[in-house]
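Chain by chain, the residues:
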Amino acid sequence: MVNFKELAATPEETFDPKAVWLNAEHIRALPVEDLGARLLPVVQGAGFHIDAAQMVRITPLIRERIKLLQDVLTAADFFFVDRLAPYDPAELVPQKGDVAMAKKVLEKARVLLGGVEFEHDRLDQALRSAAQELGIKAGQMFQPIRVAVCGRKNAPPLFETLAVLGKEKTLARIERALAKLERQ
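Residues numbered from 1 in each chain as written. Predicted model: local features only at pLDDT ≥ 70, side-chain atom pairs only at ≥ 80, totals over all residues. Heavy atoms only, no water.

Observations regarding the pattern of salt bridges
The criterion, for reference: When a carboxyl oxygen of Asp or Glu lies within 4 Å of a side-chain nitrogen of Lys or Arg, that pair is called a salt bridge. Under the scheme used here, helices are H or I runs from DSSP no shorter than 4 residues and strands are E runs no shorter than 2 residues, and both carry numbers assigned from the N terminus. Burial classification: accessible surface area is computed with a 1.4 Å probe over protein chains only, and a residue below 20% of its type maximum counts as buried, one above 50% as exposed, and the rest as partly exposed.
Overall, the coordinates contain nine salt bridges when judged by the stated rule. A salt bridge links Arg28 to Glu64; the nearest nitrogen and oxygen atoms lie 3.6 Å apart. Within this pair, whereas Arg28 is found in helix α3 (residues 17-29), its partner Glu64 is found in the loop between α5 (52-62) and α6 (72-75), the two being separated by 36 residues in sequence. For Arg28, a relative accessible area of 27% gives the class partly exposed. With relative accessibility at 55%, the residue Glu64 sits in the exposed group. Here Lys108 and Glu133 are joined by a salt bridge, their closest N and O atoms 2.3 Å apart. Here Lys108, found in helix α8 (residues 99-114), pairs with Glu133, found in helix α9 (residues 120-134); they are 25 residues apart in sequence, far enough to count as distant. Given a relative accessible area of 23%, Lys108 falls into the partly exposed group.

Here we look at the packing of aromatic side chains
Stated precisely, the cut-off is as follows: In summary, the pairing rule links any two rings of Phe, Tyr or Trp, Trp by its six-membered ring, whose centres are within 6.5 Å, and it sorts them by plane angle into stacked for under 30 degrees, edge-to-face for over 60 and tilted for everything else. By definition here, charges over rings are those cases where NZ of Lys or CZ of Arg is within 6 Å of the ring centre and within 35 degrees of the ring normal.
All told, the structure shown has three aromatic pairs when counted by the stated rule. Taking the centre distance of 5.3 Å and the plane angle of 40° together, the rings of Phe48 and Phe80 count as tilted. Here Phe48, found in the loop between α4 (32-45) and α5, pairs with Phe80, found in helix α7 (residues 77-80); they are 32 residues apart in sequence, far enough to count as distant. With a relative accessible area of 11%, Phe80 lands in the buried category. A cation over an aromatic ring shows up here: Lys180 above the ring of Tyr87, its NZ or CZ 4.3 Å from the ring centre.

Examining the nonpolar core
For clarity, the threshold we go by: Buried residues of nine kinds, namely Ala, Val, Leu, Ile, Met, Phe, Trp, Tyr and Cys, make up a nonpolar core once their side-chain atoms join them within 4.5 Å. We call two residues in contact whenever any of their non-hydrogen atoms come within 4.5 Å of each other.
Grouped together as the largest cluster of nonpolar side chains are 53 residues, with contacts concentrated most on Ile58, Phe79, Leu106, Leu127, Met141 and Ile145. Per element, the largest residue contribution to this core is seven residues, and it comes from helix α10 (residues 138-150). Discounting residues that sit within four places of it in the chain, Ile145 has contacts with Val105, Leu106, Ala109, Leu127, Leu158 and Leu162.

Observations concerning the environment of Arg183
With respect to the helices and strands, Arg183 occurs in the segment after α12 (167-182). A C-alpha to C-alpha distance of 23 Å links Arg183 and Leu134, two positions 49 residues apart in sequence.

Section: the environment of Gln125
Note that Gln125 resides in helix α9. Taking the relative accessible area as the measure of exposure, Gln125 reaches 55% and is therefore exposed. Sequence-wise, Gln125 and Phe159 are 34 residues apart; in three dimensions their C-alpha atoms are separated by 9.9 Å.

Here it is, written out as structure tokens:
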């Protein structure tokens, strides 16, 4: 007799929790280049076209977020696609904010990011200054941008993520997020 529950189990559920924990510790201890080399075949095997250099740039951003190698497909999926999976536009609205605030943030980000170098410190400085200019908290500035570029609130560090995604992809995703908000 076929045990359907066993067939539907996730890989994490099929392993002893201690083994998963130990594997996560091993992953965190690996040098970035080594872990990237191990993750690359998993990503390419899932049909994503990514090269070793790009994988090495993504690896330090997700290393703390994965327990098993195949977790890369859920922790970093937004890096591998041109278009994000559908997400709820309400996710773009920052905490203690509204749709108007989200639009204002994304419009400001679109203009600002179009003229800044996509490097951690410059992105950090530019977006924090923009938050002050708009009279909002940094988190209220960052959440709509994070959701616009990653499709979710819980994602790797924002500035590093933007730097890896690059200006063109980031701006295209912000543009699509603004279009979602316009339909609200």
